[in-house]
Amino acid sequence: MKIGIAGFSGSGKSTVFEWLTGEKPDPSRLQQGQVGNPAVPDPRLNFLASLFNPKKTTFTRMELLDTPGLHPTERRDNPRRLAILRDAGGLLVVLNGFSGENLADALRRFREELLFADLEVITNRIDKVKDQLKKSKPAKLKELDELEHALLTRIAGVLEGGQGAAAANLKVDEEKMIRSFQLLTLKPELVFVNIGDDAIGKPLPEALLKLAPAAFYAPVKLELELAELGEEDRKAFMADLGMTDLSRDDNIRKIFAGMNQIVFFTVGEDECRSWAIPKGSTGPQGAGQIHSDLERGFVRAEVVSYADFQKHRSMKEAKTHGVYRMEGKTYIVQDGDIMHILAST
Ligand SMILES: Nc1nc2c(ncn2[C@@H]2O[C@H](COP(=O)(O)OP(=O)(O)O)[C@@H](O)[C@H]2O)c(=O)[nH]1
Ligand SMILES: [Mg+2]
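Bear in mind the structure is a predicted one, so any value in this text is a computation, not a measurement.

Focus: the overall build of the chain
- Of the regular secondary structure elements, the chain holds 15 helices and 12 strands.
- Seen through its principal axes, the chain has C-alpha atoms that stretch 70 × 60 × 40 Å.
- Within the chain, the fraction of its 345 residues that count as buried is 32%.
- Considering only intrachain contacts with a sequence separation of at least 6, the fraction spanning at least 24 residues in the chain is 70%.

See below:
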């Protein structure tokens, strides 16, 4: 899943990008969006690898896209600047918490820009559909145009009322009808505050948490600098600052989970590996991450939950204790499941 790093210009997006991906921001690549693919650290996979001792251990990766960001005052061009985020699966909104900005206000202003950009897309489309409705067409097609017009008008009303398109509670077929517009206010949104050193250990402002209860934060620039130090210096500095750990890995996991992604594991002597899937995926959909043939030919999955495996520490013991399950095509994969897919090819 591609996650777009979004926000106003100067909010610290590129600093966050470097911190999460380990890649230097490259201004020459920024206009088209710079992509980085950090592995998603997972102590559970380390544990599995310690038991199976495989030739290879592979962590699933996520795709992060650094973007140029929005202009706070020249707003007219912001919809165009946001176009780069249209094909992202979710938004990581970065707020500047290191120079005394009002964070709730900054988030409100950013969300307004998203609403404004989506409204532009929807009203353009409404104009096109209106033209279509004036033409003579078979009744069936006319009916489709009318359905679309009604839906678009409803969404426009929600956006004009100051809420994202997600608040329109679209039904599955309605969502399909407007999917190609890639509305920004339908995407999962996570709010991340890049804090200054003086805010370490303090809670985020109430007003911000009211707008974004799951907002989280880290002193990104400081952590980047600390990561470059030798271990001893780092520990000494961190002790002075009252910090116990660098939070990069935790934050990557938070972003991953916040985008409604989970992992399942495959294990063996050749390779232990984590695979990312959207929460709610079925066994065959999970198998499809490994190979499309496995999805098509899916027969069943042999599954042990991570907790059960942790307790019994081998497939043999898991079988003895009756926690090695056979699951069929409708099984909903759970985070941490260890799976072996059986398929007919
Ligand atoms: N003090 C402080 N400065 C930061 C922090 N994060 C970024 N900056 C600075 O803020 C400026 C803008 O950061 P940048 O990541 O380029 O913002 P972008 O425009 O959103 O990509 C740069 O000069 C950074 O060095 C931080 O956590 N603390
Ligand atoms: Mg930048």
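So, next bit.
Side note on unusual backbone geometry
- In the Ramachandran plot, Asn53 falls in the positive-phi region, its phi being about 50 degrees despite a non-glycine side chain.
- Looking at Asn53, the number of C-beta atoms within 10 Å reads 9, which means it is exposed.
- In this structure, Gln182 takes a positive phi of about 50 degrees despite not being glycine.
- Residue placement: Gln182 occurs in the loop between helix 7 (172-178) and strand 6 (189-195).

Structural notes on the site of ligand 1
- Around ligand 1 there are 15 residues in total, and Lys13, Ser14, Thr15, Phe98 and Lys221 lie nearest to it.
- Counting only elements with at least two residues in the shell around ligand 1, the list comes to helix 1 (13-21) and helix 9 (220-227).
- The greatest single-element share of the shell around ligand 1, amounting to 3 residues, is contributed by helix 1.
- Of the residues contributing to the shell around ligand 1, the split by class is 3 nonpolar, 10 polar and 2 charged.

Here we look at the nonpolar core
- If you look at the biggest cluster of nonpolar residues, it comprises 56 residues, and the most contacted ones within it are Leu92, Val93, Leu107 and Phe192.
- Element by element, the count of residues in this core is highest for helix 5 (residues 103-134), at 9 residues.
- Counting residues in each nonpolar core, the second largest holds 21 residues, with Phe298, Ala301, Ala318 and Ile338 among its members.

Rules behind the numbers
Residues numbered from 1 in each chain as written. Chains lettered and ligands numbered in written order. Predicted model: local features only at pLDDT ≥ 70, side-chain atom pairs only at ≥ 80, totals over all residues. Helix = DSSP H or I, 4+ residues; strand = E, 2+ residues; numbered from the N terminus. Buried ≥ 20, exposed ≤ 12 C-beta atoms within 10 Å, placed from the backbone. Contact = placed C-beta atoms within 7 Å. Near = placed C-beta within 6 Å. Nonpolar A, V, L, I, M, F, W, Y, C, P; charged D, E, K, R; others polar. Core = buried A, V, L, I, M, F, W, Y, C linked by C-beta atoms within 7 Å.

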